[in-house]
Amino acid sequence: MQNAALRELGLAPEWSYEAIDVAPERFEERVRAMPEEGFVGANVTVPHKPAALAVAEVASPAAREIGAANTLSFRDGHLVAENTDAEGLLAALAGAPAGKRALILGAGGAARAAVWGLVRAGADVAIWNRTEEKAAKLARELGASATQQADAAGFDLIVNATTVGLDPEASLDSLPLDAQAIHERQTVVDLAYGPSETELARRARTHGARVVDGLEVLVRQGAASLRIWTEAEPPLDVMRRAAHEGGPAEPPALNDRT
Ligand code: ATR
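Residues numbered from 1 in each chain as written. Predicted model: local features only at pLDDT ≥ 70, side-chain atom pairs only at ≥ 80, totals over all residues. Heavy atoms only, no water.

(A) Spotlight on the packing of aromatic side chains. All told, the structure shown has one aromatic pair when counted by the stated rule. Look at tyrosine 17 and tryptophan 229: their rings are 6.2 Å apart centre to centre, the planes differ by 45°, and that puts the pair in the tilted class. Taken together, the residues span a long stretch of sequence, with tyrosine 17 in the loop between helix H1 (2–8) and helix H2 (27–33) and tryptophan 229 in helix H9 (residues 214–230) at a distance of 212 residues. Above the plane of the ring of phenylalanine 155 lies arginine 101, whose end atom (NZ or CZ) is 4.3 Å from the centre. (Phe/Tyr/Trp six-rings, centres within 6.5 Å; stacked < 30°, edge-to-face > 60°. Helix = DSSP H or I, 4+ residues; strand = E, 2+ residues; numbered from the N terminus. Lys NZ or Arg CZ within 6 Å of the ring centre and 35° of its normal.)

Encoded structure:
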């Protein structure tokens, strides 16, 4: 996706995007060596996102408040940490979430970025999580509310930020989404994505909801990172096409696992 964008922008082959596998104990050393090697920045994925924030000298409010960075840039000898996960989600939603009622399912790292972004955008955010205390803690920290008996039908926006849908053992029945929960006046986002539509996305579409899939959120957060590094306007269609074509045998992943 990023290499397709770099080609489209006429920045390749000088610019290229590559995957680097690194163990947590080598992360800081690896990142600190990158500017010397000619890198202008990096996307950072699980489990390194909190470490990417910790290693940086400068951090955006999003990275600081989410407590994790998915984007690093190396500018004038400084390591700068940013987080485009929330921005990616907001960009993928067609309408502005201000004043809308949003239900976030989950309280892990993906949920945290979603809650932060939606609260900042003026939505009224409720968090449901299998482990209740984690929802309560996240709600307290980010200005949302926690709910255990979520009546999903009453929300304008539902975001699945759990790993249900990725885990073949886990069923959608473990989420508060019964047959009546989803309807045509809602937008349903599943941050999980894979080579084919997730079960939740399919169910939401069948019930007439507007569906935003995890791949679109991935494209939008990647585009926001590319904008930070290159200062060019990302070619969304090219990135979207490349993301949809990519990796035929890829296992499903949460959007912050890439
Ligand atoms: P990430 O950082 O990608 O968000 P995570 O931190 O492992 O991943 O969070 C996974 C989320 O999926 C959690 O909210 C988890 O709920 P718990 O906090 O109760 O563990 C949720 N989750 C995972 N499996 C689940 C299941 N079978 N039913 C409901 N929620 C599940």
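(B) A look at the layout of surface pockets. By volume, the second largest pocket amounts to about 580 Å³. Forming the walls of the second largest pocket are 32 residues, and the residues nearest its centre are Gly108, Gly109, Ala161, Thr162 and Thr163. Broken down by secondary-structure element, the contributors of at least two residues to the lining of the second largest pocket are helix H3 (49–55) and helix H6 (109–120). Residue contributions to the lining of the second largest pocket peak at four residues, all from H6. (1 Å grid on protein atoms, 1.4 Å probe; cavity = no way out; pocket = protein on both sides within 12 Å on 5 of 7 lines; lining within 4 Å. Points joined across faces, edges and corners; volume = space filled by probe spheres on them.)

(C) The nonpolar core, seen in detail. Ranked by size, the top nonpolar core spans 32 residues in total, and within it Ile104, Leu118, Val125 and Val189 carry the most contacts. At the level of elements, helix H4 (61–66), helix H5 (85–92), strand S5 (101–105), H6, strand S6 (124–128), helix H7 (132–142) and strand S8 (157–160) are the ones that each hand at least two residues to this core. Per-element tally for this core: the top contributor is H6, with seven residues. Once residues lying within four places of it in the same chain are set aside, the contact partners of valine 189 are Leu89, Leu93, Leu157, Ile158, Val159, Asn160, Val212 and Val217. (Core = buried A, V, L, I, M, F, W, Y, C linked by side-chain atoms within 4.5 Å. Buried < 20%, exposed > 50% of the residue type's maximum accessible area, 1.4 Å probe, protein only. Contact = heavy atoms within 4.5 Å.)

(D) Region of interest: the packing of H6 against H7. Between H6 and H7, the shortest axis-to-axis distance is 10 Å and the interhelical angle comes to 35°. The two elements H6 and H7 cross, and the hand of that crossing is right-handed. Counted together, Ala111, Arg112, Val115, Trp116 and Val119 of H6 and Leu138, Glu141 and Leu142 of H7 form the full contact between these two elements. Of the residues belonging to the contact of H6 with H7, the class tally is six nonpolar, no polar and two charged. (Axes fitted to C-alpha atoms, helices over the stretch in contact; angles between N-to-C directions. Left-handed = near helix turned anticlockwise from the far one by under 90°. Nonpolar A, V, L, I, M, F, W, Y, C, P; charged D, E, K, R; others polar.)

(E) Inspection of the sheet that holds strand S4 (residues 78–82) at higher detail. Overall, mixed pairing links the four strands, which are arranged S1-S3-S4-S2 in an open sheet. Each edge of the sheet is formed by a strand with only one pairing partner; in this case those strands are strand S1 (41–43) and strand S2 (58–59). As judged from the two bridges shared by S2 and S4, these two strands associate in the parallel manner. Paired with alanine 59 across the strands is alanine 81, a residue of S4. (Pairing = 2+ DSSP bridges.)

(F) Representation of the environment of alanine 19 in the model. Along the chain, alanine 19 falls in the loop between H1 and H2. Residues alanine 19 and alanine 42, spaced 23 residues apart in sequence, show a C-alpha to C-alpha distance of 9.4 Å.

(G) Quick peek at the sheet that holds S8. With parallel pairing, the six strands of this open sheet are ordered in space as S7-S6-S5-S8-S9-S11. Each edge of the open sheet carries a strand with a single partner, namely strand S7 (145–146) and strand S11 (210–213). Bridge count between S6 and S7: two bridges; the pairing is parallel. Directly across from isoleucine 127, in S7, lies its bridge partner alanine 146. Across the face of the sheet, helix H8 (residues 199–206) comes into contact with S8, strand S9 (187–190) and S11 while running at roughly 170° to S9.

(H) View of the side chain of asparagine 70. Secondary-structure assignment places asparagine 70 in the loop between H4 and strand S3 (71–75). Take asparagine 70: its relative accessible area is 3%, and that puts it in the buried class. Polar contacts involving the side chain of asparagine 70 include one to the main-chain amide nitrogen of threonine 84, which spans 2.8 Å. Engagement of the side chain of asparagine 70 in a polar contact is seen with the side chain of aspartate 85, the distance being 3.2 Å. In contact with asparagine 70, not counting residues within four places along its chain, are Ala42, Asn43, Val44, Lys49, Glu82, Asn83, Thr84, Asp85, Gln221 and Ser225. (Polar contact = N/O pair within 3.5 Å; in protein donor to acceptor, adjacent residues only side chain to side chain.)

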